[in-house]
Amino acid sequence: MSKLGLIAGNGRFPFLLLDAARAHALTVVVIALKEETDPEIDVRAAADPGIHVHWLSLGELSKLIEVFQKEGVTRATMAGQVKHKQIFSSIRPDWRLAKLLLNLRTRNTDMLLGAIAKVLADEGIELISSTQYLEPLLAKPGVLTRRAPDEDEEKDIAYGRTVARAIASYDLGQTVVIAAQACVAVEAMEGTDATIERAGELFRTLDQGTNRLADEPTTLKRSLTVVKVAKPNQDMRFDVPVIGVATIQAMHRAGATCLALEAGRTLLFDPEAIASAANEAGIAIVGE
């Protein structure tokens, strides 16, 4: 039986990948990261002999390679977020990762993961895209909810795409929050949902500063539009743009009414649940 290595970050992404790989009759060798991976992975492994779990810390690159080689893994994928602040401030790198970090030209995620992919390839382990097994979850083009974006939201989407693609090209983030063709928040290390929450909090602060009621018209009071894009040269082996129900919930709390995604390059975790949550909240979702 063929084997697939899975480097598992946080959230539900690793479990979706695990289900898809097992559906393809693959034995899955999981590198569970002590700082990130949900312990539920052990429960899944206990119930399925086709899942082998090995717990490692983020900095143990040499041990990761050793595990994969002992298990006979020649192809591996990454699934699940690893917080940026963990990557660059919290890990204790082994000698191999320390050497790699010292040789990085710039300390951004793409550069680091690209270097790790090169090290794995040199050791006979090919890093492949998780979308190879999750293609049905990629966002489709067109309106994905009952409601389409209105005229003002369309204007915000157009502006937001320009801004988001510009910041994505510098690997600063992939999400911006827009209101009235003005940029309210830009994603950095905090992630998409936290960026949306920050935008909502900023608007609440602005409204309080006007001494107006929340529902009283003001030039500062606008609905928020969230725009998420892939990087211009997105390496789909890692850092794939992802949306889940939690993102829709964050939008609803923040007062955001529209979400624009890049079709074919954004994964939707449980598309039906996402559409249902968006419809209930009156949020429009569109893939372009």
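All of these numbers come straight from a predicted model, not from anything done at the bench. (Residues numbered from 1 in each chain as written. Predicted model: local features only at pLDDT ≥ 70, side-chain atom pairs only at ≥ 80, totals over all residues. Heavy atoms only, no water.)

## Section: the sheet that holds strand β11 (residues 256–261)
If you trace the six strands from one edge of the open sheet to the other, you get β6-β13-β11-β9-β7-β8, paired in mixed fashion. The strands lining the two open edges of the sheet, one partner per strand, are β6 (142–143) and β8 (182–186). Where β6 meets strand β13 (residues 284–287), two bridges bridge the pair, whose relative direction is antiparallel. Counterpart to Gly142 in the pairing with β13 is Gly287. Relative to strand β7 (residues 175–179), helix α8 (residues 151–169) is tilted by about 145 degrees, and along the sheet it contacts β7, β8, β9 (224–228), β11 and β13. (Pairing = 2+ DSSP bridges. Helix = DSSP H or I, 4+ residues; strand = E, 2+ residues; numbered from the N terminus. Contact = heavy atoms within 4.5 Å. Axes fitted to C-alpha atoms, helices over the stretch in contact; angles between N-to-C directions.)

## Quick notes on the pairing of β8
For a regular strand, side chains alternate in direction, first toward one face of the sheet and then toward the other. With four bridges joining them, β7 and β8 adopt antiparallel strand pairing. For Ile178, the partnering residue across the bridge sits in β8 and is Cys183.

## Notes on the sheet that holds strand β5 (residues 126–127)
Read from one edge of the open sheet, five strands run β3-β2-β1-β4-β5, paired in parallel fashion. For this open sheet the edge positions go to β3 (51–56) and β5, each flanked by a neighbour on one side alone. As paired strands, strand β2 (residues 27–33) and β3 are joined by six bridges and run parallel to one another. Bridge assignment links Ile31 to a residue of β3, and that residue is His54. The strands that helix α1 (residues 13–23) touches are β1 (3–8), β2, β3 and β4 (75–79); relative to β1, the one it contacts most, it runs at about 175 degrees.

## Quick notes on the layout of surface pockets
What the second largest pocket holds in volume is close to 260 Å³. Considering the residues around the second largest pocket, the lining is formed by 13 residues, among which Lys99, Leu100, Asn103, Ala115 and Val119 are closest to the centre. Put simply, the parts of the chain that give the lining of the second largest pocket at least two residues each are α5 (95–102) and α6 (109–122). Tallying contributions element by element places α6 first for the lining of the second largest pocket, with six residues. Tallied by class, the residues present in the lining of the second largest pocket amount to six nonpolar, two polar and five charged. (1 Å grid on protein atoms, 1.4 Å probe; cavity = no way out; pocket = protein on both sides within 12 Å on 5 of 7 lines; lining within 4 Å. Points joined across faces, edges and corners; volume = space filled by probe spheres on them. Nonpolar A, V, L, I, M, F, W, Y, C, P; charged D, E, K, R; others polar.)

## So, the confidence of the model for the protein
Overall, the predicted model of the protein reaches an average pLDDT of 88, with 90% of residues at or above 70. Predicted confidence is poor over residues 210–221, with pLDDT under 50, and the contacts of this stretch with residues over four places away or in other chains come to 11 contacts. (pLDDT = per-residue confidence, 0-100.)

## Digging into the packing of α5 against α6
Helix-helix packing is described using two parameters, namely the angle between the two axes and the distance between the axes. Two numbers describe how α5 lies on α6: the axes approach to 10 Å, and their chain directions differ by 130 degrees. In terms of orientation, α5 and α6 fall into the oblique class. Crossing of α5 over α6 shows right-handed handedness. Residues Arg96, Leu97, Leu100 and Leu101 of α5 form the contact with α6, whose participating residues are Leu112, Ala115, Ile116 and Val119. Here the contact of α5 with α6 is built from residues that sort into seven nonpolar, no polar and one charged. (Parallel < 35°, antiparallel > 145°, perpendicular 65-115°, else oblique. Left-handed = near helix turned anticlockwise from the far one by under 90°.)

## A few points about the packing of aromatic side chains
Per the counting criterion, the structure on display carries one aromatic pair. Ring plane angle 55 degrees and centroid distance 5.0 Å describe the contact between Phe13 and Phe269, whose orientation is recorded as tilted. Of this pair, Phe13 sits in helix α1 while Phe269 sits in the loop between β12 (267–268) and α11 (271–281); the two residues are 256 residues apart in sequence, bridging distant segments of the chain. Of the two residues examined, Phe13 and Phe269, each falls in the buried class. Arg12 extends its terminal NZ or CZ atom over the ring of Phe15, reaching a point 4.2 Å from the ring centre. (Phe/Tyr/Trp six-rings, centres within 6.5 Å; stacked < 30°, edge-to-face > 60°. Buried < 20%, exposed > 50% of the residue type's maximum accessible area, 1.4 Å probe, protein only. Lys NZ or Arg CZ within 6 Å of the ring centre and 35° of its normal.)

## Digging into the nonpolar core
Core analysis: the biggest nonpolar cluster contains 28 residues, and Leu64, Phe68, Leu100 and Ile116 have the highest contact counts within it. Secondary structure elements with two or more residues in this core: β2, α3 (61–71), β4, α5 and α6. Looking at which element gives the most residues to this core, the answer is α6, with six residues. Those residues within four positions of Phe68 in sequence are excluded, and the remaining contacts are Gly5, Leu6, Ile7, Val29, Ile31, Val73, Ala76 and Ile125. (Core = buried A, V, L, I, M, F, W, Y, C linked by side-chain atoms within 4.5 Å.)

## Side note on α1
Listed in full, the buried residues belonging to α1 are Phe13, Pro14, Phe15, Leu17, Leu18, Ala20 and Ala21. Where α1 ends, the next residue or the one after it, Ala25, has phi of about 60 degrees, a positive value.

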